[in-house]
Amino acid sequence: MSYARTLLGDVAPDTLGVVNAHDHLIRTGAGEVYIEADHLLDSVDKAVEEAGYFVSASRNWSPDGGTVVDMCPANCGRDVDKLAAVNAQVPGLQIIIATGFHREHVYLETRSHWVSRYTVDQIADLLIADITEGIDRHDYSGPIVDRTPYKAGVIKVATAYGKITAFERKCMEASAKAAIETGAPINTHTTYGTCGLEQAQMLIGLGVPADQIAIGHIQRNADLYYLRQILDTGVYLEIDGTYRIKYQPEANRMMELCELGKRGYGKRILLGTDSGKRSYQKAYGAVTGVDFNPAVDGPRMIAEGFDPAYVDDLLMNNGQTFFTMRKDS
Ligand SMILES: [Zn+2]
């Protein structure tokens, strides 16, 4: 039986409802918060409120509500006990938790980081254990590992602006091994939409099935020729970064979604919001948040004349297919 691996267990993928393929409900510390305090998302109550908006907008599209893929990876302020507390208070919410890695920059100084000290196989084993046994309560941030019942259902990899560092290559090699071993999908972070093609080529070269790779934050590089080059490797693209007007107008994301759909790529596009800062969430006072795809994008696409079946694919069906695990593990 095919399944998606959520915080509460394995479920039939078609029960995920609206799928927000990249977002953040909880982040309790670590490098990104040190770099910019706006990244601190440590309040269960605020996350419950934010997730509540998402579920209520999702119910306009699916009676199942919705799924947030919380893309905080290992040693980045991931707190699965808090995520579980959120999940328990929001009916109609499912959460898929990530393991894997962010870009090197986020780990600050990395000469002594365990990624630098361990072998690729040792790192892969830690990721595999997150997926098959349960995520470490301490987020792999110290020597004591205490596994929770909450398993990861997706692996994150990430690269720098316009380059892939040696640290990031090692993380990608370990992640590819873990993906092949467990059948989990890989969802990536690109910085400003750079290195998307190189990520796809490298992960495919390492043996990960192309249709289990999604290249994320790629909307920032609003270049249709480039986006099609990546899609032609067989991977998914994730269009997220909603309402980031300081970088580009919403019309760019709409144009990408419209044109890629017309050119036959519509089954391999995921939506997310990546509202990973306080200033990007309604619960902390922003005008938009984690509910943006079902609350704003969906109605806008319909108003702009998109085929309703394509809108359903973008909001629900593509994510349900992508986050399906490929192995019984
Ligand atoms: Zn993110």
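Use the structure listed above.
Residues numbered from 1 in each chain as written. Predicted model: local features only at pLDDT ≥ 70, side-chain atom pairs only at ≥ 80, totals over all residues.

(A) Expanded view of the overall build of the protein. Scanning the protein for helices and strands turns up 11 helices and 10 strands. Computed over its C-alpha atoms, the radius of gyration of the protein comes to 18 Å, within 12% of the 20 Å expected for a compact globule of 329 residues. Reported as C-alpha extents along the three principal axes, the dimensions of the protein are approximately 55 × 45 × 40 Å. Across the 329 residues in the protein, those meeting the buried criterion constitute 53%. Counting contacts in the protein only where the partners sit at least 6 residues apart, residues at least 24 apart contribute 75% of the total. (Helix = DSSP H or I, 4+ residues; strand = E, 2+ residues; numbered from the N terminus. Rg over C-alpha atoms; globule rule 2.2 N^0.38 Å. Buried ≥ 20, exposed ≤ 12 C-beta atoms within 10 Å, placed from the backbone. Contact = placed C-beta atoms within 7 Å.)

(B) Molecular detail of the nonpolar core. Core analysis: the largest hydrophobic core is formed by 86 residues, its most contacted members being Ala 51, Ile 97, Ile 155, Ala 178, Ile 213, Ala 214 and Leu 237. Setting aside chain neighbours within four positions, we find Ala 214 in contact with Ala 21, Pro 185, Asn 187, Thr 188, Val 235, Tyr 236, Leu 237, Glu 238, Leu 270 and Phe 322. (Core = buried A, V, L, I, M, F, W, Y, C linked by C-beta atoms within 7 Å.)

(C) Spotlight on helix H3 (residues 80-89). Listed in full, the buried residues belonging to H3 are Val 80, Leu 83, Val 86 and Asn 87. One side of H3 holds all its buried residues, which, seen down the axis, span an arc of 115°. Here the buried face of H3 lies against helix H2 (44-58), strand S4 (66-70) and strand S5 (93-100). (Arc of directions from axis to C-beta.)

(D) Local environment of the pairing of strand S7 (residues 186-189). Here S7 shows no split at all, with Ile 186 and Thr 188 on one side and Asn 187 and His 189 on the other all buried. The pairing of strand S6 (residues 152-158) with S7 spans 4 bridges and is parallel. Bridge assignment links Ala 158 to a residue of S7, and that residue is His 189. Note on the crossover from S6 through helix H6 (residues 166-182) to S7: the handedness is right-handed. Where S7 and strand S8 (residues 213-215) come together, 2 bridges link them in parallel fashion. (Pairing = 2+ DSSP bridges. Right-handed = clockwise from strand over helix to strand, strands pointing away.)

(E) Region of the structure containing the sheet that holds S7. The strand order across the open sheet formed by 8 strands is S3-S4-S5-S6-S7-S8-S9-S10, and the pairing between neighbours is parallel. Edge positions in the open sheet fall to strand S3 (18-23) and strand S10 (269-271), since each of these has one partner strand only. On average, adjacent strands in this sheet sit at an angle of 30° to one another, irrespective of strand direction. Against the sheet, helix H5 (residues 120-132) engages S5 and S6, with an angle of about 165° to S5. (Axes fitted to C-alpha atoms, helices over the stretch in contact; angles between N-to-C directions.)

Coordinates in, geometry out; function isn't part of it.
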